[in-house]
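One letter stands for each residue in the lines below.
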Amino acid sequence: MVELYYWPTIQGRGEFVRLALEAAGVPYRDVAREKNGMAAMQAVMDAAREQHPAYAPPVLRDGDLLIGQTANILLYLGRAHGLAPRAEAGRLWAHQLQLTIADVVAEAHDTHHPISVSHYYEDQKAAAKKRARDFIEARIPKYLGYFERVLENSKGANAVGARLSYVDLSLFQLVEGLRYAFPRAMARQEGNWPRLVALRDRVAQLPAIAAYLRSKRRVPFNEDGIFRRYPELDR
Ligand SMILES: N[C@@H](CCC(=O)N[C@@H](CS)C(=O)NCC(=O)O)C(=O)O
């Protein structure tokens, strides 16, 4: 069975992988959430033991393959489980969009950790306020406006090609995360991205995803993850 290794108490970047596994109906173990799971994750992260060690979770093991980097894991799952176009141009386009999602996810994270991941939020609050203000005013509209245009240009209702892909699932998660972290800013801006919001709604209603979102397998958003609700950072 496929094994996902990711921090057990947050959605984080692991959530993009969980959504793909759930949508494709792939049986998987969310190993770090099991008993003694953190020790198992530590062992996988031990570079000395693995031929292709990962720098940071999420990590996916499928048979002999150990794969790190969220977008890389999705590249693999997309091909293996029909969640991406098969032709090279479409496959690369999906990967390109996923890497852009990774960029905005990193910026969303940096709103609460603008100075360093190694320091507490409380020790970088002033910088966080500045960073969050710019993220809300300049970066969210630039990124989400881009994804809106991608949806406008795509032939179907999905981001890439006629069928659902991991990019659609990730765009759902991006909108969910930004809504959680910045509810006021998103409420103010969402009217600018009707296709993106419609895509978010369609993904939420996919039977496999709706069932997952209702289940205990979906970790709730919280203030340890990437998308954190700090009202002082919202506008
Ligand atoms: N670019 C990587 C980033 C991985 C990453 O930053 N993982 C975080 C959790 S979401 C982590 O555990 N980082 C530990 C570290 O950077 O030292 C990806 O998309 O998978």
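Residues numbered from 1 in each chain as written. Predicted model: local features only at pLDDT ≥ 70, side-chain atom pairs only at ≥ 80, totals over all residues. Heavy atoms only, no water.

A.B. asks: Explain the site of the ligand here, please?
C.D. replies: Surveying the vicinity of the ligand reveals the residues Tyr6, Trp7, Arg13, Tyr55, Ala56, Pro57, Pro58, Gln69 and Thr70. Measuring from a nitrogen atom of the ligand, one finds a backbone N or O atom of Pro57 at 2.8 Å. Gln69 places a side-chain nitrogen or oxygen 2.6 Å from a nitrogen atom of the ligand. Contact with the protein chains covers 67% of the free accessible surface of the ligand, which is 500 Å². (Near = heavy atom within 4 Å. Polar contact = N/O pair within 3.5 Å; in protein donor to acceptor, adjacent residues only side chain to side chain. Areas by Shrake-Rupley, 256 points an atom, 1.4 Å probe, with all protein chains shown as cover.)

A.B. asks: Even after reading the chapter, I still don't get the packing of aromatic side chains, so can you show me in this structure?
C.D. replies: Ring pairs (aromatic) are described by centroid distance and by the angle formed between their planes. Within this structure, the stated rule accounts for five aromatic pairs. With centroids separated by 4.8 Å and ring planes inclined at 10°, the aromatic side chains of Tyr180 and Phe221 adopt a geometry described as stacked. With Tyr180 in helix H6 (residues 166-181) and Phe221 in the segment after helix H9 (207-214), this pair connects stretches of sequence that are 41 residues apart. Ring pairs connect the aromatic residues Tyr180, Phe221 and Phe227, which therefore count as one cluster. Lying over the aromatic face of Tyr180, Arg229 brings its terminal NZ or CZ to 4.7 Å of the ring centre. (Phe/Tyr/Trp six-rings, centres within 6.5 Å; stacked < 30°, edge-to-face > 60°. Helix = DSSP H or I, 4+ residues; strand = E, 2+ residues; numbered from the N terminus. Lys NZ or Arg CZ within 6 Å of the ring centre and 35° of its normal.)

A.B. asks: Explanation requested: the sheet that holds strand S4 (residues 65-68) in the structure shown.
C.D. replies: In a beta sheet, neighbouring strands are held together by backbone hydrogen bonds and run either parallel or antiparallel to one another. Read across the sheet, four strands follow the order S2-S1-S3-S4 without closing on themselves; strand pairing throughout is mixed. Because the sheet does not close on itself, it has two edges, and the strands there are strand S2 (28-30) and S4. Strand after strand, the sheet turns through a mean of 20° between neighbouring axes, direction not considered. Both strand S3 (residues 59-62) and S4 contribute to a ladder of four bridges, which runs antiparallel. Following the sheet pairing, Val59 is matched in S4 by Gly68. (Pairing = 2+ DSSP bridges. Axes fitted to C-alpha atoms, helices over the stretch in contact; angles between N-to-C directions.)

A.B. asks: Mind showing me how you'd approach helix H5 (residues 125-153) here?
C.D. replies: Spacing of three or four residues puts side chains on the same side of an α-helix, whose turn is 3.6 residues. In this model, H5 (29 residues) spans 39 Å end to end at C-alpha, consistent with the 42 Å of a helix rising 1.5 Å per residue. Residue Phe135 marks the point of greatest curvature in H5, where the axis turns by about 45°. Those residues of H5 lying buried are Ala128, Ala132, Phe135, Ile136, Ile140, Tyr143, Leu144, Gly145, Phe147, Glu148, Val150 and Leu151. Close packing links the buried residues of H5 with helix H4 (88-112), H6, helix H7 (183-189) and helix H8 (194-205). (Expected span 1.5 Å × (residues − 1). Bend = angle between axes of the 7 residues up to and from the residue. Buried < 20%, exposed > 50% of the residue type's maximum accessible area, 1.4 Å probe, protein only. Contact = heavy atoms within 4.5 Å.)

A.B. asks: Would you mind showing me how to read the side chain of Arg218 here?
C.D. replies: Positionally, Arg218 belongs in the segment after H9. The exposure class assigned to Arg218 is buried, which follows from its relative accessible area of 11%. At a separation of 2.8 Å, a polar atom in the side chain of Arg218 contacts the side chain of Glu15.

A.B. asks: Before we go on, may I ask you to explain the packing of H4 against H5 in this structure?
C.D. replies: Between two packed helices, both the angle of their axes relative to each other and the distance between the axes serve to describe the pair. Packing of H4 against H5 leaves a shortest axis separation of 9 Å and a crossing angle of 165°. Regarding the angle of H4 to H5, the classification is roughly antiparallel. The chirality of how H4 crosses H5 is left-handed. Facing H4, whose interface residues are Trp93, Gln96, Leu97, Thr100, Ile101, Asp103, Val104, Glu107, Ala108, Asp110, Thr111 and His112, H5 presents Ala128, Arg131, Ala132, Phe135, Arg139, Tyr143, Tyr146, Phe147 and Val150. Here the residues of the contact of H4 with H5 are counted per class, giving twelve nonpolar, four polar and five charged. (Parallel < 35°, antiparallel > 145°, perpendicular 65-115°, else oblique. Left-handed = near helix turned anticlockwise from the far one by under 90°. Nonpolar A, V, L, I, M, F, W, Y, C, P; charged D, E, K, R; others polar.)

A.B. asks: It is not clear to me how helix H2 (residues 37-45) should be interpreted in this structure. Could you clarify?
C.D. replies: Those residues of H2 that sit buried are Gly37, Met41, Val44 and Met45. The arc that holds the buried residues of H2, viewed along the axis, is 95°, so those residues lie on one side. Where the residues of H2 are buried, they touch strand S1 (2-5), S3 and S4. (Arc of directions from axis to C-beta.)

A.B. asks: Looking at this structure, I do not really get the pairing of S1. What am I missing?
C.D. replies: If a strand is regular, its side chains alternate between the two faces of the sheet. Neither face of S1 is left uncovered, since the one carrying Val2 and Leu4 and the one carrying Glu3 and Tyr5 both have all their residues buried. The pairing of S1 with S2 spans three bridges and is classified as parallel. Looking across to S2, one finds that Val2 is bridged to Tyr28. Pairing of S1 with S3, which is carried by three bridges, proceeds in the antiparallel orientation. Paired with Tyr5 across the bridge in S3 is Val59.

A.B. asks: Sorry, what's going on with unusual backbone geometry here?
C.D. replies: For the bond from Pro57 to Pro58, the omega torsion is 10°, close enough to zero to count as cis. For Pro58, the location among the structural elements is in the loop between H2 and S3. Even without glycine at this site, Asn36 takes up a positive phi of about 60°. In this fold, Asn36 is placed in the loop between S2 and H2. The exposed category is assigned to Asn36, whose relative accessible area is 60%.

On their own, these measurements won't tell you what the molecule is for.
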